[in-house]
Amino acid sequence: MVVALCAATPALGASRRYTLQTMKRVFGYAASVDTTGMGKGGSYAYVKYDIRTNKRNAILLAIPTMFAVANGGDREHVGETYSRVDNAHPDKFDATRLLERSTVPHEMRTMPTVLKYLTPFIYDEMLIDGRIVSPFHYRNRRFYRYRITMFSPGVALVSFRPRLNNTKLVQGWARVETKTGRVIETAFDGEYDMVRFHLAVTMGDEGKASLFPRDCTLNSRFLFMGNDITAEYTGVYGLPKIISDTITNRRDTALINRIRPIPLNSHEQYLFDRYYARRNRASADTTSQKDSKGILGRRMWYALARNMVQRTNQRFGSKDQGHFRVSPLLNPLYFSYSSQRGLTYRLDIRGNYYFSNNQMLETRFKLGYAFKQKQFYFDFPFTFYIDRKHDAYIRTEWASGRHITNSEVVDAIKNERGDSIDWDKLNLKYFRDHMFRLSAHYDPSPKWGLETGLLVHKRTAIDRSAFDVAGRPAAYTSVAPIFELTYRPIGYNGPIFTADYERSIKGFWGSNLAYERVEIDGQYKYKLSALSYLQMRAGTGFYTHKGKDSYFLDYRNFREENIPGGWNDDWACSFELLNSGWYNASEYYVRANVAYESPLLLLSWVPIAGRLVEKERLYVNALSVRHLHPYVEYGYGFSCRAFSLAAFLGQRNWRVDGFTVRVGFELFRHW
């Protein structure tokens, strides 16, 4: 018997009811399972893989995690891993790798993003790592069409296909127990982030184990600009504990042979034997000093070339409690361009060190060079978490080199000096901003947070001689104590309200600017479904005091955000067309921002182009300040595998005020 879920003829009424009942059981199966004690004791998982390079060119070197495959002499590599898995929640795997070996040069990890396909959560809204919409969740039924075929007594075969061709949807089948709705096994095909894949999954037999895969087989193919890489992965889960979790040598071949639940085939064994034979010959060659120097030199050049185009990740410490990551030195993805800065080079270094689960150091160093401005700039935050349970930390941040413009100084000098100076020949608008911030934060409860500190800004003129001619100081300094009160009505996962107070006192630690400012802000990222969000922000701010010579005043909440993890894209809850001078020069502001995000909204339904659209967004931003009653921006944007694009239309006092298009780079962001 074959029944389409979307069929609605009277003759098939009984069959349709049967189909609906079966799918209802599938959608509700996860909720029917007793998950008491989920994750206690943990389990173990084994994965083996085979990666083949069919075609490659120089472009492959610039793709994250692909350097070893692009540069190595061999065209095929194999590997295997053994990990401890703690699944304390039905839609989350916490894996700690205990053993691993591979024939990839220097045993570098290759295509780690594909490994995430091996841990599908079929009953969750998102099937794979927040990327694919699951056909086995009730909320997602509107995206799929279902057809049921009786397979055997008590077992049905469910075929599913997407209602529209989109990269976030898959097509496949599942064998299902008709009485309980439990998925026995499933297989599906899809394409996401330039990876085509076929995944076959056999689920656990009963109880909590039935919510997780028992074994998975993944076949994937990566195609990009003439490069063709295929890979096959096999994963086995729910393994019992065989060896100790404390392993000194993570590449112990004897231990891997002991725990391996499925044998290597003859071809895999051949590739491992060839790799070890070659490595042993290379080790024997080091007996001669000449050969040793040559090998050392080749390794140095290999490491240098790798760091040029690949991220560097390294753990340190006796228990791997430290970690640092360095962005590629010459990766094209880390160059950017703007009309103000011209071509810009960026370098990003991150690091952390855990003293305990509750105490850690965290730092980040962002360096850039703007070729047009001939200027280095950097941002260096440093945070010491004293008590992570209460988000108690001390943070310092030092940033310097950023060029800013300010016309208020020029306007003030013109009003004072009149036409006695040829203003067109003087460069008075451009300044270099130096910032230092020291703050301490503490959350006495999940609902309340307190922060206090000191904020120092020094703006120095790019052309100091021009200010000497005008008879004005070339540096403007503000030193302001800051206080912030945070209120979360329902805890960390709900809306966040903040009240900020900042006052710069003239003469205090060299300050020559005086002001007092208050800002109140509310932010909320409300999850409607797995991929649909409503992002909202509203706030107000005002100056209670502005000194006569107070320049460079800016409302902090137009630049910073308090939402955990940030907004989902670069343009949510911000103004894209509005010049900052409109609100910074005003004694007050009132703002409201809304962004709606959904995976399948408008463009997704367009043939051909809609297949690649991953997310779509609608924006509405409104502001009221002096001379703008109101200012409104409307926007629409979408993201695909290569880029994000958004268009904004602005209205000033209900008249069209401008139009702009914003583009962001998305290619390999998740690699």
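Residues numbered from 1 in each chain as written. Predicted model: local features only at pLDDT ≥ 70, side-chain atom pairs only at ≥ 80, totals over all residues. Heavy atoms only, no water.

Draft legend 1. Representation of the overall build of the chain. Helix and strand content of the chain: 9 helices and 31 strands. Among the 671 residues that make up the chain, the fraction classed as buried is 47%. For the chain, the proportion of contacts with a sequence separation of at least 24, taken over those separated by at least 6, is 57%. Entry remark: accessible area of the chain is about 33,400 Å², with carbon and sulfur atoms responsible for 55%. (Helix = DSSP H or I, 4+ residues; strand = E, 2+ residues; numbered from the N terminus. Buried < 20%, exposed > 50% of the residue type's maximum accessible area, 1.4 Å probe, protein only. Contact = heavy atoms within 4.5 Å. Areas by Shrake-Rupley, 256 points an atom, 1.4 Å probe, with all protein chains shown as cover.)

Draft legend 2. Local environment of unusual backbone geometry. His-629 connects to Pro-630 through a cis peptide bond whose omega is -5 degrees. Relative to the helices and strands, Pro-630 is located in strand 29 (residues 628-639). At Met-225, a position not held by glycine, the phi torsion is positive, near 45 degrees. Here Met-225 is to be found in the loop between strand 12 (213-224) and strand 13 (227-239). Positive phi values are uncommon outside glycine, yet His-627 reaches one of about 80 degrees. Structurally, His-627 is set in the loop between strand 28 (615-625) and strand 29. The exposed category is assigned to His-627, whose relative accessible area is 54%.

Draft legend 3. Quick look at a nonpolar patch on the surface. Together, Val-594, Val-620, Tyr-634, Phe-643, Leu-649, Trp-654, Val-656, Phe-659, Val-661 and Val-663 give the surface a local cluster of nonpolar side chains, amounting to about 950 Å² of exposed area. When residues of the nonpolar patch are traced back to their parent elements, those giving at least two are strand 30 (643-652) and strand 31 (655-665). As for its position among the elements, Trp-654 is in the loop between strand 30 and strand 31. (Patch = residues over 30% accessible without salt bridge, like charges linked within 9 Å, V, L, I, M, F, W, Y side chains within 5 Å. Salt bridge = Lys/Arg side-chain N within 4 Å of Asp/Glu carboxyl O.)

Draft legend 4. Spotlight on the environment of Phe-431. Mapped onto the secondary structure, Phe-431 falls in strand 21 (residues 430-445). Those residues in contact with Phe-431 that sit more than four places away from it in its chain are Arg-402, His-403, Ile-404, Asn-406, Val-409, Arg-459, Thr-460, Ala-461, Ile-462, Phe-467, Tyr-476 and Phe-552.

Draft legend 5. Representation of the pattern of salt bridges within the structure. Enumeration over the complete set of coordinates arrives at 36 salt bridges. A salt bridge links Arg-402 to Asp-433; the nearest nitrogen and oxygen atoms lie 3.1 Å apart. You can see Arg-402 sitting in strand 20 (residues 392-405) and its partner Asp-433 sitting in strand 21, a full 31 residues away along the chain. Notably, a salt bridge pairs Arg-559 with Asp-554, separated by 3.0 Å at the nearest N-O pair. When its relative accessible area of 19% is taken as the criterion, Asp-554 is described as buried. What you see here is one network of salt bridges that share partners, running through Asp-569, Glu-597, Lys-615 and Arg-617.

Draft legend 6. Molecular detail of the nonpolar core. Ranked by size, the top nonpolar core spans 64 residues in total, and within it Val-183, Phe-222 and Tyr-233 carry the most contacts. With 17 residues, the next largest nonpolar core counts Tyr-44, Ile-247, Ile-259 and Tyr-275 among its residues. (Core = buried A, V, L, I, M, F, W, Y, C linked by side-chain atoms within 4.5 Å.)

Draft legend 7. Focus on the pairing of strand 21. As defined by bridge partners, strand 20 adjoins strand 21 across 12 bridges and the pair is classed as antiparallel. By the bridge assignment, Trp-398 is partnered in strand 21 with Phe-436. Sheet analysis places strand 21 next to strand 22 (residues 448-461), joined by 13 bridges and oriented antiparallel. By the bridge assignment, Met-435 is partnered in strand 22 with His-457. Taking the residues between adjacent antiparallel strands as the criterion, strand 21 and strand 22 are bridged by 2 residues. (Pairing = 2+ DSSP bridges.)

Draft legend 8. Seen up close, empty space enclosed by the protein. Applying the stated rule across the entire model yields 4 cavities of 30 Å³ or more. Approximately 70 Å³ is the volume found for the largest cavity. Every residue lining the largest cavity is counted, 13 residues in all, and those nearest its centre are His-457, Arg-459, Glu-502, Tyr-515 and Asp-554. Elements with a minimum of two residues in the lining of the largest cavity: strand 22 and strand 25 (515-527). With 3 residues, strand 22 is the largest single contributor of residues to the lining of the largest cavity. Partitioning the lining of the largest cavity into residue classes produces 6 nonpolar, 2 polar and 5 charged. (1 Å grid on protein atoms, 1.4 Å probe; cavity = no way out; pocket = protein on both sides within 12 Å on 5 of 7 lines; lining within 4 Å. Points joined across faces, edges and corners; volume = space filled by probe spheres on them. Nonpolar A, V, L, I, M, F, W, Y, C, P; charged D, E, K, R; others polar.)

Draft legend 9. The arrangement of the packing of aromatic side chains in detail. Taken as a whole and assessed by the stated rule, the structure comprises 39 aromatic pairs. Here the aromatic rings of Tyr-353 and Phe-355 are separated by 5.2 Å at their centres, their planes lie at 70 degrees, and the arrangement is edge-to-face. In this structure Tyr-353 comes out as partly exposed when scored by relative accessible area, which is 26%. Judged by its relative accessible area of 48%, Phe-355 falls in the partly exposed class. Aromatic side chains Trp-448 and Tyr-487 sit 4.6 Å apart centroid to centroid with 40 degrees between the ring planes, which places their arrangement in the tilted category. Taken together, the residues Trp-448 in strand 22 and Tyr-487 in strand 23 (residues 475-487) connect sequence positions 39 residues apart. Looking at Trp-448, the relative accessible area reads 39%, which means it is partly exposed. (Phe/Tyr/Trp six-rings, centres within 6.5 Å; stacked < 30°, edge-to-face > 60°.)

Draft legend 10. How the structure looks around the environment of Val-33. Assignment of secondary structure puts Val-33 in the loop between helix 1 (13-32) and strand 2 (43-55). Note on Val-33: relative accessible area 12%, which makes it buried. For Val-33 and Lys-208, which are 175 residues apart along the polypeptide, the C-alpha to C-alpha distance reads 6.6 Å.

Draft legend 11. Summary view of the environment of Leu-623. Looking at the secondary structure, you find Leu-623 in strand 28. For the pair Leu-623 and Arg-591, spaced 32 residues apart in sequence, the C-alpha to C-alpha distance is 4.4 Å. Sequence-distant contacts of Leu-623, defined by excluding residues within four places in its chain, comprise Phe-558, Phe-575, Leu-578, Tyr-583, Tyr-589, Val-590, Arg-591, Leu-628, Pro-630 and Tyr-631.

Draft legend 12. Inspection of the confidence of the model for the chain at higher detail. Scored by pLDDT, the chain has a mean of 83; 87% of the residues are at 70 or more. The element-level mean pLDDT for the chain is lowest in strand 1 (residues 2-4), coming to 40, with strand 24 (residues 496-504) highest at 95. (pLDDT = per-residue confidence, 0-100.)

Draft legend 13. Quick look at the pairing of strand 18 (residues 360-370). Of the pairings in the sheet, the one linking strand 17 (residues 342-354) to strand 18 comprises 11 bridges and is antiparallel in character. Directly across from Tyr-345, in strand 18, lies its bridge partner Tyr-369. With antiparallel pairing between neighbouring strands as the criterion, strand 17 and strand 18 make up a hairpin whose turn holds 5 residues. Relative to strand 19 (residues 375-387), strand 18 runs antiparallel, the two being bridged by 9 bridges. Considered in strand 19, the bridge of Lys-366 is made with Asp-379. In this antiparallel pair of consecutive strands, strand 18 and strand 19, the connection spans 4 residues, and Lys-374 shows a positive phi of 55 degrees.

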